[in-house]
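Fold and geometry: a report
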Amino acid sequence: MSSHIQIFDTTLRDGEQTPGVSFSFEERLKLAQQLEKWGVDVIEAGFPASSQGSFESVQAIARTLKHTTVTGLARCLKSDIDAVYEATKDAVSPSIHVFIATSPIHLESKLHMTEAEVLEAITTHVRYAKERFDIVQFSPEDATRTPLPFLIESVQTAVNAGATVINIPDTVGYSYPTEYGNIFKELTEQIKSDVPITYSAHCHDDLGLAVANSMAAIENGATRIEGTVNGIGERAGNTALEEVALGLYVRQDHYQIQTQIQLELTKQTSDMVARYAGLRVPRNKAIVGKNAFSHESGIHQDGFLKNPETYEIMTPQLVGVKKTELPLGKLSGKHAFQDKLKQLGYDIDLEEQKVLFKAFKSIADKKKHVTDQDIHALIQDTEHEKHVAYHLEALQLQFVSNGLQSAVVVVRDNEGQQYQDSSIGTGSIVAIYNAVDRIFNVEPVLLDYRIDAVSEGRDAQAEVHVQVEVAGQEHTGVGFDHDILYASCKAYVEAVGKAVQSIQKEGVAQ
Ligand code: KIV
Ligand code: ZN
């Protein structure tokens, strides 16, 4: 019997498969460090064979983390397994996650393999992985649409070849709790092994059942749960890990087993993932949504004031939600700013603090209360500026009602060279984006444009996310500013600038 439920975080792999989400190298490293602090047992840092970028960030994470197991994804291909080995070999605790689909639809339509060929591929590749790793995890992809006898045969084959962790993916979010739980019951009863096997649940949320299915797996013998922070991921997303951790904690009377998650760091971790992914957490999201701890109706408020437990099964403090945040303002000095950085979990050297303080003062000149969200945005913006090749230097606009708008944009590269151009458009954003396209001499397709307020109130800063496609490749950019149009321009310059940089680097033909 395991002493705790292991948390396997795949925010950086399955989570990054969320449409429009692409973490930078630095963001991946910071997220991995935060996940380690939060207390996850395993971090799936990426899919090293999929790109050089993924390989490098898995390697950097493996070299940085102090005690968390670092794993990488591999298809049943020796080259994939070699890539995971090279990327994770310096980790304190390296491991590998090998998968192949086992369902009839995947075999017939995707792999064009027979069941016998799949079993042979499992034996060959799990064995090959086991020669390189102590811990080999095997996943039969689309397990929940695989007939149980073949699923059991596939899992037994993987165990015979040396896998000690068996993960059961509900790849398309198709299962329901009693059915999914039963798979674990059957596996734990039928699989034969000389060594202990860890059973792991990996659920997708297409029917909104990912967390419920994961909890059913625990009730039937799973001791590891895979998922992502805030439940981000492909399509409807993955199991939201914070919901599993809190579910086990609040209902310990029933589950009688816990995770090693530091619950009080949950909100901080969720905020960081939301910021880097550019995906706001829905207000009504369990545990980390803005409304999760607010009480609206009169009856609820009355009861809550008499005894919070009338309507609250956990306190906001438990997950690190701060009730009263003390905003900074125009008169706040360096020390107050330093204290705030520390309080928000940043460890920033003095030189950089000076730069940030200047930027903070400029925000404080424009808005009365500089909130925690403003400070996070300021730091994210400064980080972005450090890693991009092109920066927005100036923007000039002319607006006429019922007419064409015009924009002049000035961009600077890291060598200090300036580029400028102007254009017109049916709206201000169109005019700005046309001018940027002229500067870079490209014709990007704008795939996504999102605007959010960083905090509340009419003086809130804007946060704009854009996603563009240039020469068949997608790039993202984020811009923060007091002015929506300036933030929109910054985000677009970052995204198109990245595209131009990758064309120059890789010589991608246009
Ligand atoms: O959902 C899935 O099937 C996966 C596998 C690669 C484990 O993410
Ligand atoms: Zn998945």
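Fair warning: this is a prediction, and the values are worked out from it, not measured in the lab.

1. A closer look at the sheet that holds strand β12 (residues 445-453)
With antiparallel pairing, the three strands of this open sheet are ordered in space as β12-β13-β14. Edge positions in the sheet fall to β12 and β14 (473-481), since each has one partner strand and no second. Shown here is a sheet whose adjacent strand axes are inclined to one another by a mean of 15°, direction ignored. Taken together, the nine bridges between strand β13 (residues 462-470) and β14 define a ladder with antiparallel strand orientation. Of the residues in β14, the one forming a bridge with Val 466 is Gly 477.

2. Considering the site of ligand 1
Close to ligand 1 lie Arg 13, Asp 14, His 97, Phe 99, Ser 139, Glu 141, Pro 169, Thr 171, His 202 and His 204, which account for all nearby residues. A distance of 3.1 Å is found between an oxygen atom of ligand 1 and a side-chain nitrogen or oxygen belonging to Asp 14. Side-chain polar atom of Thr 171 to an oxygen atom of ligand 1: 2.6 Å apart, as the coordinates give it. When ligand 1 is considered free in solution it has 260 Å² of accessible area, and contact with the protein chains removes 94% of it.

3. Observations regarding the sheet that holds strand β9 (residues 390-398)
Whether parallel or antiparallel, the strands of a sheet pair through hydrogen bonds between backbone atoms. With antiparallel pairing, three strands are arranged side by side in an open sheet as β9-β10-β11. Among the strands making up the open sheet, the edge pair consists of β9 and β11 (418-425). Averaged over all pairs of adjacent strands, the angle between their axes in this sheet comes to 20°, without regard to strand direction. Most of the contacts of helix α17 (residues 484-506) go to β9, to which it runs at about 135°, and overall it touches β9 and β10 (405-413).

4. Looking at the pairing of strand β3 (residues 69-75)
Counting buried residues along β3, six of its seven residues qualify, which places the element largely inside the surrounding structure. Sheet analysis places strand β2 (residues 42-46) next to β3, joined by four bridges and oriented parallel. Within β3, the residue paired with Val 42 across the bridge is Thr 69. Tracing the backbone out of β2, into helix α2 (residues 52-64) and back to the parallel element β3 gives a crossover that is right-handed. Relative to strand β4 (residues 93-101), β3 runs parallel, the two sharing seven bridges. Residue Leu 73 lies in a different strand from β4, and its bridge partner there is His 97.

5. As for the UniProt feature "binding site: Mn(2+)" (unreviewed entry) in the protein
Residues annotated by UniProt as "binding site: Mn(2+)" (unreviewed entry) correspond here to Asp 14, His 202, His 204 and Asn 238. A maximum C-alpha distance of 10.4 Å is found for the annotated residues, which run over 225 residues; spatially they form one tight group. Excluding residues within four positions of it along the chain, Asp 14 makes contact with His 202, His 204, Gly 233, Glu 234 and Asn 238. Residue position: His 202 is located in strand β7 (residues 198-203). Looking at His 202, its side chain comes within polar contact range of the side chain of Asp 14, at 2.9 Å.

6. What about the coordination of the zinc ion (ligand 2)?
Surrounding the zinc ion (ligand 2) are the protein donor atoms Asp 14 (OD), His 202 (NE2) and His 204 (NE2), which sit 2.0 to 2.1 Å from the metal. Look at where the donors of the zinc ion (ligand 2) fall in the sequence and you get D-x187-H-x1-H. Placement of Asp 14 in the loop between β1 (6-9) and α1 (25-38) and of His 204 in the loop between β7 and α8 (210-219) is noted, with a sequence separation of 190 residues between them. Judged by relative accessible area, which is 3%, Asp 14 ranks as buried. A residue is classified by how much of its surface remains accessible, and His 204, at 5% relative accessible area, is buried.

7. Thoughts on the pattern of salt bridges
For the structure on display, the rule yields 29 salt bridges. Here Asp 90 makes a salt bridge to Arg 63, at a shortest N to O gap of 2.8 Å. Taken as a pair, Asp 90 in the loop between α3 (78-88) and β4 and Arg 63 in helix α2 lie far apart in primary sequence, 27 residues in all. Note that Asp 374 is salt-bridged to Lys 367, the shortest N-O span being 2.5 Å. Lys 367 matches Asp 374 in its accessibility class, with the two residues each being buried.

8. Some points on the packing of α1 against α2
Between α1 and α2, whose axes approach to 10 Å, the crossing angle comes to 35°. The interaxial crossing formed by α1 with α2 has right-handed handedness. Of α2, the residues touching α1 (which contributes Phe 25, Arg 28, Leu 29, Ala 32 and Gln 33) are Gly 53, Ser 54, Glu 56, Ser 57, Ala 60, Ile 61 and Thr 64. Residue composition of the contact of α1 with α2, by class: five nonpolar, five polar and two charged.

9. As for the nonpolar core
Core analysis: the largest hydrophobic core is formed by 87 residues, its most contacted members being Ile 96, Ile 166 and Ile 168. Here this core takes seven residues from helix α5 (residues 115-130), the largest share from any one element. Two domains each provide a minimum of three residues to this core, namely domain 1 (6-277) and domain 2 (298-385). Judged by nonpolar contacts, the second largest core, of 29 residues, contains Ala 407, Val 442, Ala 487 and Ala 499.

10. Some thoughts on the packing of aromatic side chains
Considering all chains together, one arrives at eight aromatic pairs under this definition. Between the aromatic rings of Tyr 433 and Tyr 492, the centroid separation amounts to 3.7 Å while the plane-to-plane angle is 5°, which identifies the pairing as stacked. With Tyr 433 in helix α16 (residues 428-440) and Tyr 492 in helix α17, this residue pair connects regions lying 59 residues apart in the sequence. Judged by its relative accessible area of 5%, Tyr 433 falls in the buried class. In this structure an aromatic cluster arises from ring pairing among Phe 337, Phe 357 and Phe 360.

11. Section: the environment of Trp 38
Tracing the chain through its elements places Trp 38 in helix α1. A sequence separation of 230 residues divides Trp 38 from Gln 268, and the C-alpha atoms of the two residues are 9.0 Å apart. If near-sequence neighbours (up to four positions away) are discounted, Trp 38 is found in contact with Val 229, Leu 241, Glu 242, Gln 260, Ile 261, Gln 262, Leu 265, Thr 266 and Thr 269. Within polar-contact distance, the side chain of Trp 38 engages the side chain of Thr 266 at 3.2 Å.

Quick notes on the rules
- Residues numbered from 1 in each chain as written.
- Chains lettered and ligands numbered in written order.
- Predicted model: local features only at pLDDT ≥ 70, side-chain atom pairs only at ≥ 80, totals over all residues.
- Heavy atoms only, no water.
- Pairing = 2+ DSSP bridges.
- Helix = DSSP H or I, 4+ residues; strand = E, 2+ residues; numbered from the N terminus.
- Axes fitted to C-alpha atoms, helices over the stretch in contact; angles between N-to-C directions.
- Near = heavy atom within 4 Å.
- Polar contact = N/O pair within 3.5 Å; in protein donor to acceptor, adjacent residues only side chain to side chain.
- Areas by Shrake-Rupley, 256 points an atom, 1.4 Å probe, with all protein chains shown as cover.
- Contact = heavy atoms within 4.5 Å.
- Buried < 20%, exposed > 50% of the residue type's maximum accessible area, 1.4 Å probe, protein only.
- Right-handed = clockwise from strand over helix to strand, strands pointing away.
- UniProt positions renumbered as here; feature names shortened; annotations may be inferred.
- Donors = N, O, S within 2.8 Å, 3.2 Å for Na, K, Ca; no water.
- Salt bridge = Lys/Arg side-chain N within 4 Å of Asp/Glu carboxyl O.
- Left-handed = near helix turned anticlockwise from the far one by under 90°.
- Nonpolar A, V, L, I, M, F, W, Y, C, P; charged D, E, K, R; others polar.
- Core = buried A, V, L, I, M, F, W, Y, C linked by side-chain atoms within 4.5 Å.
- Domains from an automatic or database assignment.
- Phe/Tyr/Trp six-rings, centres within 6.5 Å; stacked < 30°, edge-to-face > 60°.

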